[in-house]
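# Geometric and topological summary
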Amino acid sequence: MSGQLVRRVTVLGVTGSIGQSTARVIEELRANGQAEIEVEALTAGRDVAGLADMARRLRPAFVAIADPAKLEEARAALKDTGAAVGAGPSAIKEAADRNADWVMSAIVGAAAIAPTLAAIERGAAVALANKESLVCAGQIMKAAAARSGARLLPVDSEHNGAFQVLGDGKGVERITLTGSGGPFRNWTRQAMAAATPEQACKHPNFSMGAKISVDSATLMNKGLEQIEAACLFDLSPDRIDLVIHPQQAVHALVSYCDGSVLAHMGPADMRVAIVHALAWPRRAHLNTARLDLAGLGNLTFEQPDRERFPALELARRAMAANGPAPILLNAANEFAVAAFLERRIGFLDIAGIVEAVLDRQEVESMSAKSPSSLGEVLEVDALGRLWASQETERRRAA
Ligand code: NAD
Ligand code: MG
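Presented here is an overview of the structure given in this document. (Residues numbered from 1 in each chain as written. Chains lettered and ligands numbered in written order. Predicted model: local features only at pLDDT ≥ 70, side-chain atom pairs only at ≥ 80, totals over all residues. Heavy atoms only, no water.)

## Quick look at the overall build of the protein chain
- Summing up its helical and strand segments, the protein chain has 18 helices and 11 strands in all.
- For a compact globule of 398 residues, the expected C-alpha radius of gyration is about 21 Å, and the protein chain comes in at 21 Å, within 12% of that figure.
- Taking the principal axes of its C-alpha atoms as reference, the protein chain extends roughly 55 × 55 × 40 Å.
- Per-residue burial for the protein chain yields a buried fraction of 55% across its 398 residues.
- The long-range share in the protein chain, meaning contacts at least 24 apart out of those at least 6 apart in sequence, stands at 70%.
- Carbon together with sulfur atoms contributes 51% to the accessible area of the protein chain, which is approximately 16600 Å² in total.
- When the 42 basic and 46 acidic side-chain charges of the protein chain are each reduced to a single mean position, those positions are 3 Å apart. (Helix = DSSP H or I, 4+ residues; strand = E, 2+ residues; numbered from the N terminus. Rg over C-alpha atoms; globule rule 2.2 N^0.38 Å. Buried < 20%, exposed > 50% of the residue type's maximum accessible area, 1.4 Å probe, protein only. Contact = heavy atoms within 4.5 Å. Areas by Shrake-Rupley, 256 points an atom, 1.4 Å probe, with all protein chains shown as cover. Lys, Arg positive; Asp, Glu negative; His and termini not counted. Charge placed at Lys NZ, Arg CZ, Asp CG, Glu CD.)

Below is the structure:
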């Protein structure tokens, strides 16, 4: 490769699983002389010690912690780094607004919507690990990118894989996303009813944040990814397929109108997608495990079981209804997953609560038109959480 990669980057959610993997990629590219990477800003939710550690390693100009009560603690912990410190949601947005040419969106959940949109609105290249922001506000983000010239670079591994084999997008018939099937792939509904947060968070191939781990166990993750793919690649929902592939060597397949199918393969390591997005449109060398097909021996594919995993049907329903439904689906799911992690409800209640929210009479009478501003999206998100909390209390009282 000729010449060094030069980037000024911001990592939103640097203390999380994707954030830490991004930091490792930045450090490796810096250390082996492939890239000159300056870090403009880093953010975290509540983990001051983790944020301070990252600031020492990556040397940002600005850091932000989302919890406003942690400002003094963060100032003290970051004193020796020389970074300016902010706290609260407005400081997270300031981090996204600052002048980085590449922004990693790796905050979990709908909290990522406002800062991700801010980075898109000022025309940055935005690496999208966070999927909830596309599920809730995908059309708004795409319109903002068209206005500002921002480039959206998918980092969710299936979407990054599809992006890599899509070429110019001509003649595409279908996109197939793969999924491991999660830790409960072979469990009965009866066994799932008693599943604990520890069991749900034990993913077969990846170590991820708690929320996406539970989504991988319910398969809501695949449902959200289907909505994300339809938005990113401008395909109607019926042209996005899912297939369960426990070995996770194939991440996505693009089927063309002449019968060709191009697959994206690679090791199950999120750094592969992260470095692709960071180096794009070039490539950088990264020291990951290489895929060993003979070592794997067999690759298997099967249909997802929509009866045992009702979240798939709920996501399909929300995607077809469009309008506010995907936002309600996501908000109810986020609320229910948090309640499950706090042991306030059982595993099967998660999909039950999402279904109850989508079933509310008000949903049908809400306009079929998609919310068209950030404010409208956040209003529907708040409503979804309120309805999910009411359903949670109803179930706990029953
Ligand atoms: P995580 O829980 O490990 O990290 C989340 C990050 O967001 C942390 O830095 C946390 O401090 C921060 N955060 C949490 N709440 C916040 C708030 N209210 N305001 C500001 N910051 C907040 O999550 P993760 O596994 O790294 O996933 C991050 C995103 O990437 C998710 O949307 C997930 O779906 C997506 N993703 C993750 C993986 C993976 O392998 N982990 C793969 C594909 C996509
Ligand atoms: Mg994924």
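## Some points on the sheet that holds strand 5 (residues 102-105)
- Strand order in this open sheet of 7 strands is 4-3-2-1-5-6-7, and the pairing throughout is parallel. Lying at the two open borders of the sheet, with one neighbouring strand each, are strand 4 (84-87) and strand 7 (151-154). Neighbour to neighbour, the strand axes of the sheet diverge by 25° on average, direction disregarded.
- Where strand 5 meets strand 6 (residues 125-128), 4 bridges bridge the pair, whose relative direction is parallel. Across the sheet, W102 pairs through a bridge with A125, a residue of strand 6.
- Sitting on the sheet, helix 2 (residues 48-58) touches strand 2 (35-44) and strand 3 (62-65), and the angle it makes with strand 2 is about 165°. (Pairing = 2+ DSSP bridges. Axes fitted to C-alpha atoms, helices over the stretch in contact; angles between N-to-C directions.)

## As for a nonpolar patch on the surface
- On the surface, M265, L291, L293, L296, L299 and F301 cluster together to form a nonpolar patch covering roughly 460 Å² of accessible area.
- The exposure class assigned to M265 is partly exposed, which follows from its relative accessible area of 34%. (Patch = residues over 30% accessible without salt bridge, like charges linked within 9 Å, V, L, I, M, F, W, Y side chains within 5 Å. Salt bridge = Lys/Arg side-chain N within 4 Å of Asp/Glu carboxyl O.)

## Considerations on the site of ligand 1
- What surrounds ligand 1 is a group of 22 residues, the closest being T15, S17, G45, E132 and G209.
- Backbone polar atom of G13 to an oxygen atom of ligand 1: 3.2 Å apart, as the coordinates give it.
- One of the side-chain nitrogen or oxygen atoms of E132 is found 2.7 Å away from an oxygen atom of ligand 1.
- In isolation ligand 1 exposes 820 Å². Once the protein is present, 83% of that is buried. (Near = heavy atom within 4 Å. Polar contact = N/O pair within 3.5 Å; in protein donor to acceptor, adjacent residues only side chain to side chain.)

## Digging into the pattern of salt bridges
- Per the counting criterion, the structure on display carries 36 salt bridges.
- Notably, a salt bridge pairs K222 with E225, separated by 2.7 Å at the nearest N-O pair. In this pair, K222 and E225 are both assigned in helix 11 (residues 220-232), 3 residues apart and thus about one turn of the helix distant. For the pair K222 and E225, one class covers both residues: buried.
- Of the charged contacts in the structure, one is a salt bridge between R271 and D269, with a shortest N-O distance of 2.8 Å.

## Considering helix 10 (residues 210-218)
- Of all the 9 residues making up helix 10, 7 are buried; the element is thus mostly covered by neighbouring parts of the structure.
- Those residues of helix 10 that are buried lie in contact with helix 6 (132-148), helix 9 (197-200), helix 11, helix 14 (311-321), helix 15 (325-341) and helix 16 (347-358).
- L219 sits one or two positions beyond helix 10 and adopts a positive phi of about 70°.

## Structural notes on the side chain of K211
- Of note, K211 is situated in helix 10.
- Residue K211 is classed as buried on the basis of its relative accessible area of 11%.
- In this structure the side chain of K211 is engaged in a polar contact, spanning 2.7 Å, whose partner is the side chain of D215.
- Aside from chain neighbours lying at most four places away, what touches K211 is V108, E132, L224, N330, N333, E334 and V337.

## Comments concerning the sheet that holds strand 8 (residues 172-179)
- Strand order in the open sheet formed by 4 strands is 9-8-10-11, and the pairing between neighbours is mixed. On the outer flanks of this sheet lie strand 9 (240-244) and strand 11 (261-265), each paired with one strand and no other. Going from strand to strand, the sheet's axes swing by 20° on average, the running direction of each strand aside.
- The sheet contact formed by strand 8 and strand 10 (residues 250-256) spans 5 bridges and is antiparallel. The residue bridging L177 from the neighbouring strand is A252, located in strand 10.

## As for helix 12 (residues 270-279)
- Most of helix 12 is tucked away: 9 of the 10 residues are buried.
- Listed in full, the buried residues belonging to helix 12 are M270, R271, A273, I274, V275, H276, A277, L278 and A279.

## Topic: the state of the cysteines
- Applying the stated criterion to the full structure yields 0 disulfides.
- Here C136 stays free of any disulfide, with the sulfur of C231 as its closest cysteine sulfur at 11 Å. (Disulfide = S-S within 2.5 Å.)

## Let's talk about the packing of helix 10 against helix 15
- Between helix 10 and helix 15, the least distance of the axes is 10 Å, while the angle of their chain directions is 100°. With respect to helix 15, the element helix 10 is oriented roughly perpendicular. Contacts from A210, K211, V214 and D215 of helix 10 reach helix 15 at N330, N333, E334, V337, F340 and L341.
- Among the residues making up the contact of helix 10 with helix 15, the classes are represented as 5 nonpolar, 2 polar and 3 charged. (Parallel < 35°, antiparallel > 145°, perpendicular 65-115°, else oblique. Nonpolar A, V, L, I, M, F, W, Y, C, P; charged D, E, K, R; others polar.)

## Description of the packing of aromatic side chains
- Taken as a whole, this structure holds 4 aromatic pairs when the rule is applied.
- With a centroid separation of 4.2 Å and 35° between ring planes, the pair formed by F184 and W187 is classed as tilted.
- With a relative accessible area of 0%, F184 lands in the buried category.
- Residue classification places W187 among the partly exposed positions, given a relative accessible area of 25%. (Phe/Tyr/Trp six-rings, centres within 6.5 Å; stacked < 30°, edge-to-face > 60°.)

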